[in-house]
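# Descriptive structure summary
Listed here are the chains, written in short residue letters.
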Amino acid sequence: QVIGGTPVCSDPGWIEVSPATDSVYVACNGDETIVKLAGDNLALLGSYDTGDVRVSRFLVAPPRLLLLDEVNRKLHVLDMASGDFVAETTISGQPNQVALWDAQRMFVTERQGGRVAVLEGVEQPAWVDEVAAGSDPFGVTAVVPWGRVFAVARQGAELPEAGAYTGDPGVVYAIDPDGLE
């Protein structure tokens, strides 16, 4: 049952929820904005201008928004208070998703690179490590209480035994962030 809805923008591309700000954020590539809505009633609270950044995915990490641009292969950091971009870094493979481990460490899936890039520093992100993650890693999430980051990839390997699944299996990788350099 749908309990509410609101028109937001042209060409919505991604949605994130932030319990910390009690808000819902929507990337609007047609309008070159990220719209901020109230979590309880979807009232428009404001927007952030993204300019020529083609936002494919983003993460709300107050006081920052971490924006991935697959087309230009960059991670952009937007300050939520000022609405200004404060940093950017190039991601060599096609960046697809970002997860924040702690206040400083980020994990970014690189679809064309077959790895998860590890970046340090939300203020000025810099590459510090990478983890091989099969072919075409496309999703990553961090579960701090479990002490793990999880990534999922399409993997063209065959199953060792016959079963009901008939396609090439995907693989989920568990990464220990404390075991990295």
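To be clear, the structure that these remarks concern was listed above.
Below: a short report on this structure. (Residues numbered from 1 in each chain as written. Predicted model: local features only at pLDDT ≥ 70, side-chain atom pairs only at ≥ 80, totals over all residues. Heavy atoms only, no water.)

## Looking at the pattern of salt bridges
Applying the stated criterion across every chain yields a total of 10 salt bridges. By sharing partners, the salt bridges in this structure join Asp 102, Arg 105, Glu 120 and Asp 178 into a single network. (Salt bridge = Lys/Arg side-chain N within 4 Å of Asp/Glu carboxyl O.)

## Considering the sheet that holds strand S10 (residues 105–110)
In any sheet, the strands associate via hydrogen bonds between backbone groups, in a parallel or an antiparallel arrangement. Strands sit in the order S9-S10-S11-S12 across an open sheet of four strands; the sheet is antiparallel. Looking at the sheet topology across the chains shown, the edges are occupied by strand S9 (95–100) and strand S12 (126–132). Averaged over all neighbouring strand pairs, the angle between strand axes comes to 25°, with direction disregarded. By the bridge criterion, six bridges tie S10 to strand S11 (residues 115–120) in an arrangement that is antiparallel. Following the sheet pairing, Met 106 is matched in S11 by Leu 119. (Pairing = 2+ DSSP bridges. Helix = DSSP H or I, 4+ residues; strand = E, 2+ residues; numbered from the N terminus. Axes fitted to C-alpha atoms, helices over the stretch in contact; angles between N-to-C directions.)

## Observations regarding the nonpolar core
Core analysis: the largest hydrophobic core is formed by 13 residues, its most contacted members being Leu 66, Leu 75, Val 98, Met 106, Val 108 and Leu 119. Secondary structure elements with two or more residues in this core: strand S5 (57–61), strand S6 (64–69), strand S7 (74–79) and S10. If near-sequence neighbours (up to four positions away) are discounted, Leu 75 is found in contact with Leu 66, Leu 67, Leu 68, Ala 87, Glu 88, Thr 89, Ile 91, Met 106, Leu 119 and Pro 125. Membership of the second largest hydrophobic core comes to 12 residues, among which are Ala 27, Ile 34, Val 55 and Phe 58. (Core = buried A, V, L, I, M, F, W, Y, C linked by side-chain atoms within 4.5 Å. Buried < 20%, exposed > 50% of the residue type's maximum accessible area, 1.4 Å probe, protein only. Contact = heavy atoms within 4.5 Å.)

## As for the pairing of strand S3 (residues 33–38)
Summarising burial for S3: five of the six residues are buried, a large majority. Of the pairings in the sheet, the one linking strand S2 (residues 23–28) to S3 comprises six bridges and is antiparallel in character. Bridge assignment links Ser 23 to a residue of S3, and that residue is Ala 38. The loop that links S2 with its antiparallel partner S3 comprises four residues; one of these, Glu 32, has a positive phi angle of about 55°. Linkage of S3 to strand S4 (residues 44–49), two consecutive antiparallel strands, is achieved through a turn of five residues, within which Leu 42 is found at a positive phi near 60°.

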